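As a plain string of letters, each chain reads:
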Amino acid sequence: MAMMTDGDALTARQAFGSVGTAMVTPMDESGEIDWAAVRALAARLVDGGNDFLAVSGTTGESPTTSDDEKRRLLDAVLDEVGDRARVIAGIGTNDTRHTLALAAAAREAGANGLLLVSPYYSKPPQNAIAAHMRAVADAAELPIMLYDIPGRSGVALAEDTLRDLAGHPNILAVKDAKGDLECSARLMAETDLAYYSGDDSLNLPLLAVGAVGVVSTIGNVAPERVAALVAAVQDNDLDTARRLNAELLPLIDTIMNHLPGAVSAKAALELMGVIPHRADRLPLLPADGEQLAFLRKRLTESGILS
């Protein structure tokens, strides 16, 4: 069982930073990873105010990238921005042995932390979810951010499960996309878990009740705006934070509510000239002409495109 020391754990509570983006994985027209675009996007996001990037999350199309590609993505992003930002590896699967293998590979690659989603599709009971997460945390030797997203995993992390897992020295944070502000606020008050908003529509409410940062999807498109929102809350300037949040809401709707976030974000980035192609891998399809026209109109209205 590989545990961080008490001193390491205290430091690791700041290991994830405060402004993070769930980075898309740029691909070429044939669906192969565009490694030059990966590097360019990572640099742009850090230049735009991100102090950490989450690689190989759902927005990065982790279900359809191979283990070798996940390792190469980590290598590329770490090489490009690892001296300026932390890089967190998405390792979650619904197979504990596979998750352990991904965690080991991420540690060997030099990842700064791990993003561990609840086992999806199988809908295990709470004691089994906790056992899965403890098995990874026991072996990890890296700080872990749990990902609570019942809309995708099928099962929410119960409050008692989170209280129990909060006692593990390697489990330091939660990416919260559960949509239960009362539960999140209570756990922030009762545990040492650092909370991060994993739902862009709730970034401001979660930050206001104590979340320390965000892991944003719209940050792919508007990193400076997301960073400014987090900074305003950290400065206790809620008037500015409310204004920035109001300005972001139409963009959040554009990216998150009409197509899968990975599809919309890639299409937006292509329209902006940030990546060459909006290609995805099946079962996702890239935005079609009508969808692109909608995105162009909405991005222009949001001031992203001129």
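- An unreviewed UniProt entry annotates the chain as 4-hydroxy-tetrahydrodipicolinate synthase originating from Brevibacterium rongguiense.
- Recorded under Sequence similarities (unreviewed entry), the UniProt text for the chain is reproduced unchanged: "Belongs to the DapA family."
- Under Subunit (unreviewed entry), UniProt gives the following word-for-word description of the chain: "Homotetramer; dimer of dimers."

### Re unusual backbone geometry
Logical step 1: Of note, the bond from leucine 282 into proline 283 is cis; its omega dihedral lies within 30 degrees of zero at 20°.
Logical step 2: Along the chain, the position of proline 283 falls in the loop between helix 12 (261-271) and helix 13 (289-301).
Logical step 3: In this structure, lysine 123 takes a positive phi of about 55° despite not being glycine.
Logical step 4: With respect to the element layout, lysine 123 can be found in the loop between strand 4 (113-117) and helix 5 (126-140).
Logical step 5: For glutamate 141, which is not a glycine, the phi torsion comes out positive at approximately 60°.
Logical step 6: Tracing the backbone through its elements, the reader meets glutamate 141 in the loop between helix 5 and strand 5 (144-148).
Logical step 7: A residue is classified by how much of its surface remains accessible, and glutamate 141, at 46% relative accessible area, is partly exposed.

### Quick look at the confidence of the model for the chain
Logical step 1: Per-residue confidence for the chain averages 93 on the pLDDT scale, and 96% of its residues sit at or above 70.
Logical step 2: Within the model, the stretch residues 1-13 combines pLDDT values under 50 with 23 contacts to residues more than four positions away or in other chains.

### Some remarks on the side chain of serine 62
Logical step 1: Tracing the sequence through the fold places serine 62 in the loop between strand 2 (52-55) and helix 3 (67-81).
Logical step 2: Given the relative accessible area of 14%, serine 62 is considered buried.
Logical step 3: If near-sequence neighbours (up to four positions away) are discounted, serine 62 is found in contact with Ser56, Gly57 and Lys70.

### Quick look at the UniProt feature "site: Part of a proton relay during catalysis" (unreviewed entry) in the chain
Logical step 1: Sites flagged by UniProt as "site: Part of a proton relay during catalysis" (unreviewed entry) map to Thr58 and Tyr121. A maximum C-alpha distance of 14.1 Å among these annotated residues, which run over 64 residues, shows that they cluster at one spot.
Logical step 2: Among the structural elements, threonine 58 can be located in the loop between strand 2 and helix 3.
Logical step 3: What makes threonine 58 partly exposed here is its relative accessible area of 32%.
Logical step 4: Aside from chain neighbours lying at most four places away, what touches tyrosine 121 is Asn94 and Ser153.

### Focus: the UniProt feature "binding site: pyruvate" (unreviewed entry) in the chain
Logical step 1: UniProt's feature table lists "binding site: pyruvate" (unreviewed entry) at Thr59 and Val215, given in the numbering used throughout. Look at the named residues: they lie 157 residues apart in sequence, but the longest C-alpha span between them is just 10.8 Å, so in the fold they bunch up.
Logical step 2: Take threonine 59: it is sitting in the loop between strand 2 and helix 3.
Logical step 3: Sequence-distant contacts of threonine 59, that is, excluding residues within four places in its chain, are made with Ala22, Met23, Val24, Thr25, Thr217, Asn220 and Ala262.
Logical step 4: For valine 215, a relative accessible area of 2% translates into the label buried.
Logical step 5: Those residues within four positions of valine 215 in sequence are excluded, and the remaining contacts are Gly20, Thr21, Ala22, Phe52, Ala54, Met145, Lys175, Tyr196, Ser197 and Gly198.

### Here's the deal with the sheet that holds strand 2
Logical step 1: Read around the closed barrel, the eight strands follow the order 1-2-3-4-5-6-7-8; overall the barrel is parallel. The mean inter-strand angle of the sheet, taken between neighbouring strand axes irrespective of direction, is 25°.
Logical step 2: Bridge analysis of strand 6 (residues 171-176) against strand 7 (residues 194-197) gives four bridges, and the strand direction is parallel. Following the sheet pairing, alanine 173 is matched in strand 7 by alanine 194.

### Focus: the pattern of salt bridges
Logical step 1: Taken as a whole, this structure holds 21 salt bridges when the rule is applied.
Logical step 2: Its salt-bridge partner being aspartate 47, residue arginine 84 comes within 2.8 Å of it at the nearest N-O pair. Of this pair, arginine 84 sits in the loop between helix 3 and strand 3 (86-90) while aspartate 47 sits in helix 2 (residues 35-47), placing them 37 residues apart in sequence.
Logical step 3: Its salt-bridge partner being glutamate 301, residue lysine 297 comes within 2.6 Å of it at the nearest N-O pair. With lysine 297 and glutamate 301 both in helix 13, this residue pair falls four residues apart, about one helical turn.
Logical step 4: What makes glutamate 301 exposed here is its relative accessible area of 54%.
Logical step 5: Several salt bridges share partner residues, and in doing so they unite Glu159, Asp160, Arg163, Glu182, Arg186 and Glu190 into one network.

### Considering the side chain of serine 216
Logical step 1: Mapping serine 216 onto the fold places it in strand 8 (residues 213-216).
Logical step 2: Side-chain polar atoms of serine 216 contact the side chain of aspartate 200, separated by 2.7 Å.

Thresholds, definitions, all that
Residues numbered from 1 in each chain as written. Predicted model: local features only at pLDDT ≥ 70, side-chain atom pairs only at ≥ 80, totals over all residues. Heavy atoms only, no water. UniProt positions renumbered as here; feature names shortened; annotations may be inferred. Helix = DSSP H or I, 4+ residues; strand = E, 2+ residues; numbered from the N terminus. Buried < 20%, exposed > 50% of the residue type's maximum accessible area, 1.4 Å probe, protein only. pLDDT = per-residue confidence, 0-100. Contact = heavy atoms within 4.5 Å. Pairing = 2+ DSSP bridges. Axes fitted to C-alpha atoms, helices over the stretch in contact; angles between N-to-C directions. Salt bridge = Lys/Arg side-chain N within 4 Å of Asp/Glu carboxyl O. Polar contact = N/O pair within 3.5 Å; in protein donor to acceptor, adjacent residues only side chain to side chain.

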